[in-house]
Amino acid sequence: EALKVNGVLTSLNLSDNALCGVKFGRGSYDASGIQALAEALKVNGVLKTLTLHSNNIGDEGAKAIGGALAVNGVLTKLVLVDSNIGDDGAAALASALRVNEVLTKLDLSVNYISDEGAMALASALRPSTGC
């Protein structure tokens, strides 16, 4: 809730936490933490950098973040390294990238994105021909 009304914090690093209930292979997956964060991102007007390295957000979490990226107009850097994201999550992020005009850095290294997910991302980044 605090992130929704934040007016000064421009960078947030939540690396290596249990945002989805899983840490070091223990616990059970629960997307409520990442979904709450994504909801806050939809209305936050100042956060420019978000690092969620090693949080096991998975495809469901990537979909939530993608939904936020589609409407967020300030986030310029997003780090989702080692987040257990696969092709479905990559596709959701790709959909958001088609409409997001401010994100300039996205790190998806050490995930489970195959050629299919990479192609979705590449397609989203291709300049529009206007036709």
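The structure contained in this document is the topic of the report that follows. (Residues numbered from 1 in each chain as written. Predicted model: local features only at pLDDT ≥ 70, side-chain atom pairs only at ≥ 80, totals over all residues. Heavy atoms only, no water.)

It is worth spelling out the overall build of the protein chain at this point. When helices and strands are tallied, the protein chain shows five helices and four strands. Counting from the amino terminus, the protein chain carries its helices and strands in the arrangement α-β-α-β-α-β-α-β-α. Within the protein chain, buried positions represent 41% of all 131 residues. The contacts of the protein chain with a sequence gap of at least 6 include a subset with a gap of at least 24, amounting to 82%. (Helix = DSSP H or I, 4+ residues; strand = E, 2+ residues; numbered from the N terminus. Buried < 20%, exposed > 50% of the residue type's maximum accessible area, 1.4 Å probe, protein only. Contact = heavy atoms within 4.5 Å.)

Right, let's talk about helix α4 (residues 87–99) for a bit. Its 13 residues give α4 an end-to-end C-alpha distance of 19 Å, which sits within 8% of 18 Å, the value for a rise of 1.5 Å per residue. All buried positions along α4 are accounted for by Asp 87, Gly 89, Ala 90, Ala 92, Leu 93, Ala 94, Ala 96 and Leu 97. On its buried side, α4 packs onto α3 (58–69), β4 (105–107) and α5 (115–125). (Expected span 1.5 Å × (residues − 1).)

Another point: the pattern of salt bridges. A complete count under the given rule lists one salt bridge for this structure. The shortest N-O distance in the salt bridge between Lys 42 and Glu 39 comes to 3.0 Å. With a gap of three residues between them, Lys 42 and Glu 39 both fall in helix α2 (residues 32–43), about one helical turn apart. (Salt bridge = Lys/Arg side-chain N within 4 Å of Asp/Glu carboxyl O.)

Let us look at the packing of α2 against α3. Orientation of α2 relative to α3, taken along the N-to-C sense of each, is 10 degrees, at an axis distance of 8 Å. Taken together, the axes of α2 and α3 lie roughly parallel to each other. Two secondary-structure elements touch here, α2 through Ile 34, Gln 35, Ala 38, Leu 41 and Lys 42 and α3 through Glu 60, Gly 61, Ala 64, Ile 65, Gly 67 and Ala 68. Considered class by class, the residues forming the contact of α2 with α3 number six nonpolar, three polar and two charged. (Axes fitted to C-alpha atoms, helices over the stretch in contact; angles between N-to-C directions. Parallel < 35°, antiparallel > 145°, perpendicular 65-115°, else oblique. Nonpolar A, V, L, I, M, F, W, Y, C, P; charged D, E, K, R; others polar.)

Turning next to the nonpolar core. Ile 34, Leu 50 and Ile 65 are the most contacted members of the largest nonpolar core, which totals 30 residues. For this core, the elements supplying multiple residues, two or more each, are α2, α3, α4 and α5. With residues near it in sequence (within four places) discarded, Ile 34 still touches Leu 19, Cys 20, Leu 52, Ile 57, Gly 61, Ala 64 and Ile 65. (Core = buried A, V, L, I, M, F, W, Y, C linked by side-chain atoms within 4.5 Å.)

Let's shift gears to α2. Relative to the 16 Å expected for 12 residues at 1.5 Å per residue, α2 spans 17 Å between its end C-alpha atoms, a close match to the ideal helical length. Along α2, the positions that sit buried rather than exposed are Ile 34, Leu 37, Ala 38, Ala 40 and Leu 41. Taken around the axis of α2, the buried residues stretch over an arc of 160 degrees, which confines them to a single face. (Arc of directions from axis to C-beta.)

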